[in-house]
Amino acid sequence: MKRKKNSDEIRAEHYLQTLHHTKLEYEPLGNVTPDFVIDGKIAVEVRRLNRNYKSKSNGNLVRIDAPLADNIDELHKNIQLLIDEKNEKIDKNFPVYSEWWLILVDYITNGMDTQSFEKVKKTPFKKHKFSKVIILSHEGNFRTFKL
């Protein structure tokens, strides 16, 4: 029995449907990665982009929660944290699909402008397995930024 889609997966699904691919399948392997598969070959993972916690080596958690509208570095850290998390998660099923995308549904910036996003992209992200990382607005029109 398949799990019910959460609101972020529903938002991502509606966005993916606008891309006019032939077939979009939800959790083709069951309740494991990936969340979606496009045309049988592109795996898509979905994750909410929000303020996150990062574990220090001493086991304590540090909240990454500076006012992000004015702090591009903190936004970059949150995105990198999620890329790292999902990059590790897809290891087991990575060889099954020819391409992997990551959609981060944005609950931080509330519609960051293009100029600010370009500042985020200036600092390179660590190497990862995703051919596309898409930042998707959480409401309204499908405003996206691609890394």
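Residues numbered from 1 in each chain as written. Predicted model: local features only at pLDDT ≥ 70, side-chain atom pairs only at ≥ 80, totals over all residues. Heavy atoms only, no water.

Student: Which residues make up the overall build of the chain, and what values go with them?
Tutor: If you tally the helices and strands in the chain, you get three helices and eight strands. N-terminal to C-terminal, the α/β element order of the chain is α-β-β-β-β-β-α-β-α-β-β. The buried share of the chain, reckoned over its 147 residues, is 42%. Within the chain, contacts between residues separated by at least 24 positions form 66% of all contacts whose residues are at least 6 apart in sequence. Approximately 8600 Å² of the chain is accessible, and the part contributed by carbon and sulfur atoms is 48%. (Helix = DSSP H or I, 4+ residues; strand = E, 2+ residues; numbered from the N terminus. Buried < 20%, exposed > 50% of the residue type's maximum accessible area, 1.4 Å probe, protein only. Contact = heavy atoms within 4.5 Å. Areas by Shrake-Rupley, 256 points an atom, 1.4 Å probe, with all protein chains shown as cover.)

Student: Break down unusual backbone geometry for me, citing the residues and quoting the values.
Tutor: Cis geometry marks the peptide bond from Thr-33 to Pro-34, where omega comes out at 5 degrees. Turning to its location among the elements, Pro-34 is positioned in the loop between strand S1 (24-26) and strand S2 (36-38). Positive phi, normally seen in glycine, also occurs at His-20, with a value near 60 degrees. Here His-20 lies in the loop between helix H1 (7-17) and S1.

Student: Residue-level account of the pattern of salt bridges, with values.
Tutor: Taken as a whole and assessed by the stated rule, the structure comprises nine salt bridges. Ionic pairing is found between Arg-3 and Glu-9, a salt bridge with its closest N-O pair at 2.6 Å. Accessibility expressed as a relative area gives 30% for Arg-3, which makes it partly exposed. As a salt-bridge pair, Lys-121 and Glu-118 come within 3.8 Å of each other at their nearest N and O atoms. Placement of both Lys-121 and Glu-118 in helix H3 (residues 114-122) is noted, with a separation of three residues, approximately one turn of the helix. (Salt bridge = Lys/Arg side-chain N within 4 Å of Asp/Glu carboxyl O.)

Student: Describe the packing of aromatic side chains, and please don't skip the residues or the numbers.
Tutor: Scanning all chains against the criterion turns up five aromatic pairs. Between Tyr-97 and Trp-100 the ring centres are 5.9 Å apart and the planes differ by 80 degrees, which places this aromatic pair in the edge-to-face class. In this structure, Tyr-97 and Trp-100 share a single accessibility class: buried. Ring plane angle 25 degrees and centroid distance 4.4 Å describe the contact between Phe-117 and Phe-145, whose orientation is recorded as stacked. (Phe/Tyr/Trp six-rings, centres within 6.5 Å; stacked < 30°, edge-to-face > 60°.)

Student: Any chance you could break down the sheet that holds strand S3 (residues 42-49) for me, citing the residues and the numbers?
Tutor: Strand order in the open sheet formed by six strands is S1-S2-S3-S6-S7-S8, with mixed pairing between adjacent strands. The sheet is open, and its two edges are formed by S1 and strand S8 (144-146), each paired on a single side. Neighbour to neighbour, the strand axes of the sheet diverge by 25 degrees on average, direction disregarded. Where strand S7 (residues 132-137) lies against S8, three bridges are found, and the strand directions are antiparallel. Opposite Ile-135, over in S8, you have Phe-145 as the bridge partner. Packing of helix H2 (residues 72-89) onto the sheet brings it into contact with S3, strand S6 (99-106) and S7, and relative to S3 it is tilted by some 140 degrees. (Pairing = 2+ DSSP bridges. Axes fitted to C-alpha atoms, helices over the stretch in contact; angles between N-to-C directions.)

Student: Help me get a handle on the pairing of S3, residues and values and all.
Tutor: Counting buried positions over the eight residues of S3 gives seven, a clear majority of the element. By the bridge criterion, three bridges tie S2 to S3 in an arrangement that is antiparallel. Bridge pairing in S3 links Phe-36 to Val-44. Connecting S2 to the antiparallel partner S3 that follows it, the hairpin turn spans three residues, and Asp-39 within it adopts a positive phi of roughly 50 degrees. One ladder, built from eight bridges, connects S3 with S6; its direction is parallel. Residue pairing across strands places Leu-49 opposite Asp-106, the latter belonging to S6.

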